[in-house]
Amino acid sequence: MTDPLSTPIALEERAYEGARLTSPSAERNQGVISEVLAEHLPLQARVLEIASGTGQHALAITRARPDLTWQPSDPDQASRASIDAWAALGEGRIAPALAIDTCVSNWFEAYIDQISSLYCANMIHIAPWAAAEGLFEGAGAILSRSAGVFMLYGPFLEGEASAPSNLDFDVSLKSRDPRWGVRALSDVVALGAEHGLSLSARIAMPANNLMLKFERVEG
Ligand SMILES: C[S@@+](CC[C@H](N)C(=O)[O-])C[C@H]1O[C@@H](n2cnc3c(N)ncnc32)[C@H](O)[C@@H]1O
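Conventions used here
- Residues numbered from 1 in each chain as written.
- Predicted model: local features only at pLDDT ≥ 70, side-chain atom pairs only at ≥ 80, totals over all residues.
- Heavy atoms only, no water.
- Near = heavy atom within 4 Å.
- Polar contact = N/O pair within 3.5 Å; in protein donor to acceptor, adjacent residues only side chain to side chain.
- Areas by Shrake-Rupley, 256 points an atom, 1.4 Å probe, with all protein chains shown as cover.
- Nonpolar A, V, L, I, M, F, W, Y, C, P; charged D, E, K, R; others polar.
- Buried < 20%, exposed > 50% of the residue type's maximum accessible area, 1.4 Å probe, protein only.
- Helix = DSSP H or I, 4+ residues; strand = E, 2+ residues; numbered from the N terminus.
- Pairing = 2+ DSSP bridges.
- Contact = heavy atoms within 4.5 Å.

(A) Main features of the site of the ligand. The full set close to the ligand counts 21 residues, and A51, D74, D101, A121 and N122 are the nearest of them. Contacts to the ligand include D101, whose side-chain N or O atom sits 2.9 Å from a nitrogen atom. In the environment of the ligand, a nitrogen atom lies 3.0 Å from a nitrogen or oxygen atom belonging to the backbone of T102. For the ligand, whose free accessible area comes to 600 Å², the fraction covered by protein is 91%. Tallied by class, the residues present in the shell around the ligand amount to 12 nonpolar, six polar and three charged.

(B) Here's a closer look at the pairing of strand β9 (residues 209-216). Counting buried positions along β9 yields six of eight residues, so the element is predominantly enclosed. Pairing of strand β6 (residues 150-157) with β9, which is carried by six bridges, proceeds in the antiparallel orientation. Residue G154 lies in a different strand from β9, and its bridge partner there is L210. In this structure, strand β8 (residues 197-205) lies alongside β9, joined through eight bridges in antiparallel fashion. What sits directly across from R202, in β9, is L212. Linking β8 back to β9 in an antiparallel pair, the connection comprises three residues, with A207 at a positive phi of about 60°.

(C) Just the environment of F108, in detail. Structurally, F108 is set in the loop between α3 (77-87) and β5 (117-121). Classification of F108 by relative accessible area gives buried; the value is 6%. Once residues within four sequence positions are removed from consideration, F108 is found in contact with E137, G138, A141 and I142.

Have a look at this one:
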């Protein structure tokens with residue numbers, strides 16, 4: 001069944017069964033994303049997922065890495081209901097979804113000692129740049145207390161090497177909302193540096209996406 005009132009936070013039609021939403025793109029990419037996260041997340045990490053969306057990634061990743069403790073979140077109520085519905089299949093490894101909006105000042109303070117790593121997919125291009133700024137501020141603060149990692153997935157622009165599909169996507173996003181847009185990798189890396197985080201891996205993913213790994217700069 002397809003929801004005729006499909007939410008404007010998603011750029012695709014989502015199927016639903018009760019509260020559980022299914023994103024076609026998450027269905028496609030959950031396998032490769034899980035493989036990469038499984039390789040890079042530290043053992044027994046307590047992971048905060050920002051912008052969990054439907055919750056499909058949370059379930060796939062915790063199935064691939066049962067040692068992880070997973071804390072999903074999303075500011076959207078229907079998404080949180082979907083995350084919790086998928087989490088019911090997760091054998092108790094996925095906590096109830098939190099309402100986290102990275103544009104809210106100091107959103108991370110309540111979680112700083114409970115979380116050791118972060119993951120966020122497909123959010124910073126479909127939100128104002130302030131959402132990326134808040135995300136990196138929180139990641140910097142959380143990783144200042146733990147030796148964890150911050151994994152960031154999505155499309156990025158890389159100057160003349162930008163994929164044509166990402167340039168087209170950028171134009172289409174800006175026509176929907178001028179505050180949105182595919183972010184330049186150089187701007188994202190500079191934002192990380194402002195918060196004491198350095199890019200330690202750039203992993204090419206299908207469909208011209210990247211998985212970026214940020215870690216705390218020593219010293
Ligand atoms: C395209 S969906 C991505 C969902 C999922 N991560 C995935 O890759 O399938 C973007 C999500 O970002 C969330 N979002 C938008 N602005 C946000 C913000 N400022 N802080 C946290 N999440 C936000 C939306 O509610 C939405 O669920």
